[in-house]
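# Commentary on secondary and tertiary structure
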Amino acid sequence: MTASSKPQIENLTTGSGKLQADTIARWLFQGAAFLVLAVLVWMTVVMAISAMPAISKFGFNFLIDKTWDPIQEQYGGLTFVFGTIASSFIAMLIAVPVGLGIAIFLTEDFLPENVLTPIAFMVELLAAIPSVVYGLWGIFVMAPFIRAFETWMNTNLGFIKIGDKSIFGTPYGPGLFSAGVLLSIMILPTIASISRDVLKAIPKSLRNASLALGATRWETIFRVMLPAASSGIIGACVLGLGRAIGETMAVTMVIGNTPQIDTSLFAPAYTISALLANEFAEANEPLHIGALFYAGLLLFAVTLIVNVFAEIFVRRVSSGRQ
Amino acid sequence: MTMSKQSDDLTQPLEAGRTFFNTGMTILSGVFTLLGLIPLFLVLFYVLSQGFSSLNADIFTQLPAPSGTLGGGFGNAIQGTMIMVAIAASISVPIGVLTAIFLSEYSRDSGFVQYVRFGVNVLAGVPSIVIGVFAYGVVVTTSGGFSAYAGGFALAILMLPIIIRTTEEALKLIPWELRLGSFALGADRFNTIARVILPAALPGIITGIMLAVSRAAGETAPLIFTALFSQYWLEGLNKPTASLAVLIFNYATTPYADLQHKAWGASLMLLILVLIISIVARIVFRRRS
Amino acid sequence: MSSTTTTSNAYQVRNMNFFYGTRQALDGINIDIPAQSVTAIIGPSGCGKSTFLKSLNRIAEAETKVRIDGQISLFGQNIYDPKVNLTQLRRRVGMVFQRPNPFPMSIYDNVAYGPRVFGTKGNLDALVESSLTKAAIWNEVKDKLRTSAQGLSGGQQQRLCIARSLAVNPDVLLMDEPCSALDPIATLRIEELIENLRTQLTIIIVTHNMQQAGRVSQNTLFFNTDESRIGQLVESGLTKEIFFSPKDKRTEDYITGRFG
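First, a word on what this report is: a plain description of the structure on this page. If you're wondering where the values come from, they're calculated on a predicted model, not measured in any experiment.

Here the focus is the nonpolar core. Judged by nonpolar contacts, the single largest core of 243 residues is most densely connected at M43 of chain A together with Y11 and F52 of chain C. For this core, the leading source of residues is helix α6 (residues 148-172) of chain B, giving 15 residues. Leave out the neighbours within four places in its chain, and M43 of chain A touches F300 of chain A together with L123, V126, I131, F134 and I157 of chain B. Judged by nonpolar contacts, the second largest core, of 45 residues, contains V38, I42, L145 and L152 of chain C.

A separate point is the packing of aromatic side chains. Note on aromatic pairs: each is described by the distance of the centres and the angle between the planes. For the structure on display, the rule yields 30 aromatic pairs over all chains. Their ring planes at 20 degrees and their centres at 4.2 Å tell us that F62 of chain A and Y294 of chain A sit as a pair that is stacked. You can see F62 of chain A sitting in the loop between α1 (17-58) and β1 (68-69) and its partner Y294 of chain A sitting in helix α10 (residues 286-320), a full 232 residues away along the chain. Classification of Y294 of chain A as buried rests on a relative accessible area of 8%. Aromatic ring contacts, followed pair by pair, group F58, F62, W68, Y75, F80, Y270 and Y294 of chain A into a single cluster. For the cation-ring pair, R67 of chain C lies above F19 of chain C, with the distance from its terminal atom to the ring centre recorded as 4.1 Å.

So, on to the state of the cysteines. Evaluation of the coordinates by the stated rule reveals zero disulfides over all chains. With no disulfide partner, C179 of chain C has as its closest neighbouring cysteine sulfur the one in C161 of chain C, 12 Å distant.

Turning our attention to helix α7 (residues 154-166) of chain C. All names here are of chain C. The end-to-end C-alpha separation of α7 is 18 Å, in line with the 18 Å expected for 13 residues at 1.5 Å each. Counting buried positions over the 13 residues of α7 gives 12, a clear majority of the element. Taken together, the buried positions of α7 are G155, Q156, Q157, Q158, R159, L160, C161, I162, A163, R164, S165 and L166.

With that out of the way, let us pick up the interface of chain C and chain A. The interface is formed by 23 residues belonging to chain C together with 16 residues belonging to chain A. Overall, the association of chain C and chain A removes approximately 1,700 Å² of surface from exposure, summing both partners, and the carbon and sulfur fraction of that is 66%. At the surface where chain C touches chain A, the tally comes to zero salt bridges. Those elements that provide at least two residues to the side of chain C that touches chain A are α2 (60-63), α3 (86-92), β6 (93-96), α4 (107-117) and α7 of chain C. For the side of chain C that touches chain A, a count of residues per class yields 13 nonpolar, five polar and five charged.

Quick notes on the rules
- As a convention, each chain's residues are numbered from 1 in the sequence order in which they are written.
- A letter from A marks each chain and a number from 1 marks each ligand, given out in the order of writing.
- Since the coordinates come from a predicted model, pLDDT governs what is reported: local features require at least 70, and pairs of side-chain atoms require 80 or more to be given and counted, while whole-chain, interface and lining totals use all residues.
- To get the side-chain values, all heavy atoms of the structure are used, and hydrogens and water are removed first.
- The term nonpolar core refers to a set of buried residues drawn from Ala, Val, Leu, Ile, Met, Phe, Trp, Tyr and Cys, joined through side-chain atoms within 4.5 Å.
- Burial status follows relative accessibility: with a 1.4 Å probe on protein chains alone, a residue under 20% of its type maximum counts as buried, one over 50% as exposed, and anything between as partly exposed.
- To qualify as a helix, a DSSP run of H or I must reach at least 4 residues; to qualify as a strand, a run of E must reach at least 2; elements of each kind are numbered from the N terminus.
- Whether two residues touch is decided by their heavy atoms; if any such pair falls within 4.5 Å, the residues are in contact.
- A pair of Phe, Tyr and Trp rings is counted when the ring centres sit within 6.5 Å of each other, with Trp represented by its six-membered ring. The angle between the planes then sorts it: under 30 degrees is stacked, over 60 is edge-to-face, the rest tilted.
- In our convention, an over-ring charge means Lys NZ or Arg CZ found within 6 Å of a ring centre and within 35 degrees of that ring's normal.
- Two cysteine sulfur atoms form a disulfide, by the criterion used here, when they sit within 2.5 Å.
- Given the number of residues in a helix, its expected span is that number minus one, multiplied by 1.5 Å.
- Once two parts are brought into contact, the accessible area they lose, counted with a 1.4 Å probe and summed over both, makes up the buried area.
- A carboxyl oxygen of Asp or Glu within 4 Å of a side-chain nitrogen of Lys or Arg is what we treat as a salt bridge.
- All residues other than Ala, Val, Leu, Ile, Met, Phe, Trp, Tyr, Cys, Pro, Asp, Glu, Lys and Arg, Gly among them, are scored as polar; the first ten of these are nonpolar and the last four charged.

Below, the structure is given as structure tokens:
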């Protein structure tokens, strides 16, 4: 190239040094994003491999066997599966109606907006409180209340039985029911906040159309608003369910940690998450560790499925409303 | 059939059933809202009233007293929590922020973005205990013991989706015109992000990181079998490490009133951290959106 | 003021003032709106014509905080009487909105919505059919009653919304720029429908389209804002007179401006 005095005109098509930095940066961003996905795969692989000794020994019997006996090296997870399902079910039974009620209350104009906004924030704050703090509070404040309630139920409704065992049996305080109630408090903000967002996103015109036809407020809510928001509300509930299934510390602290399947709602029980929290640090035998990994893998798989479901439902809402 | 003309009287009251349903549901939803707020106030009330009385200078500077004796503190748990959260942040902040930039700034030209976003949402839903199991499998079993590293690793994975989501949120609050303005001056994407977008989004990003930190500081499940616990000051990052959260768990389940009191004190510290950061985050994201 | 009952008037509005919070939107409206005919409301945007319409079935107060002075009577009854049952009022006064707003449910369920809310006994199928027929859409949808209403075209959706209103057998139908979101052919079909419905009920239609007002209405109200941007009723009368010999200069300016 010959030196020339006329001003240089940059070639618009050649890559300059700046453009290379741009490319490198892009790879960096994309690489980080890839890493996040890799973590999920890594997680699955590590847990599956570590669970292998137990999977090959017990197979699917793990799911239907009630015995968990580290001394005999016999591991079955049924009691924990039962505790997880039962405590989550109780939590949903309470949190879904209450959470929906809150979501509706916060989207209607019963109170002025500047009162509702702080309330909505306070409901969200419930999600920020650490699980172990709920547990501490559950043991010392809630459980005594629950025991009083259980005693009352036992005296008055104790005659309701499955077979010859009462549904409202001996009041313990810590137990399945306490765990369910505490869980319901913890998943309440998930259900209430997301449902509220979904309800708020429903076009005002649908509401007006219903009112203009002579429907009352609650007829409008039940016949138009809730059906229109159903997909998102289901997503919110499924997300709440996922939280309840995986929640650990608070449950461990109030469920009584007894591996049994009892007909009584008030009896102590055990969940998969509590099992992991209590036994992992002390497990030494490879098969014991393997069985715990198996339980962990199970929990991982279930919450994964639940969350993918929730994701699909919530996504349908955001894509359906343009 | 045609719908019969009702009486012309507009003041004919609403049928009793419909009135009852309408008022009843209004009351019910109000009661539910109250019901939802009661636990918040009860938790705050008990943690404040029980926790404050247990706070003193020893708590921050002393080690736990030998079992059976009163007094002492949990300075080592505060130290351990801070160190493990720092380890976690040093892993999760760079990866998280870079990922969020990818999600927010490259979403227009990459189908890969939606898979990543899906993955982030799934990761956010993984129970913290499962993350602990994973960290146990990756760090504890290969390094031969419980350690601050293992705890930090678990907390890092826990923080990752929170940082990604809040950072992406903060980046999306930056108006698109700002990017166009930078492109129009001839800046490439990297320069636009580094010189315009990131500085503008910084308050939001920092708030997001603080949220993740406060969440990690209160997490117990991923630590109980990765970092375990310790009665002593930190002896090395490869040794079992105390933390506030595990301390609450351990002390709450003992029958000793003195230890239970310390659990309330530790709860108060976590709760104050969480509440302050949540309120700050609320203000930051509120004002900007 | 004593309200005189005149059978030929659907609405009597006396000294009506309308406030959104503290901001006044309408000032001193006095008008009689005849029954069994079509009344068009025209005027520049922001003149309060939609607000006026929304005060006639009291739907305005469902959206935000409002205050209304004066009196509005429907067939001799004050609709702002505290004893008035809003569901009853809105059943007798149907409304069609600017954008078609079918509920996210089937065509059938949309039409059956009102009767179901009011717990009407009897043959719902027949009622749905007759309402859809009156709204001139039966032939287009009779084979797909159970499919979602949101699959219909905009014009069909709007006629469905009209059928939905007719299903509760209202005395009055309020239409808030019902064609503003529709194409010319769909607009024409709605106009024909309005013409056919005129003998059965009272129709009050807000429109920004002068030609439309001229084609479908017998009476016209012209709203405008005064210098403090508060809406007022400038002129009212037979559509023919308003369009061809307006008494007020502002009406004339608006109409000639719009036609020109």
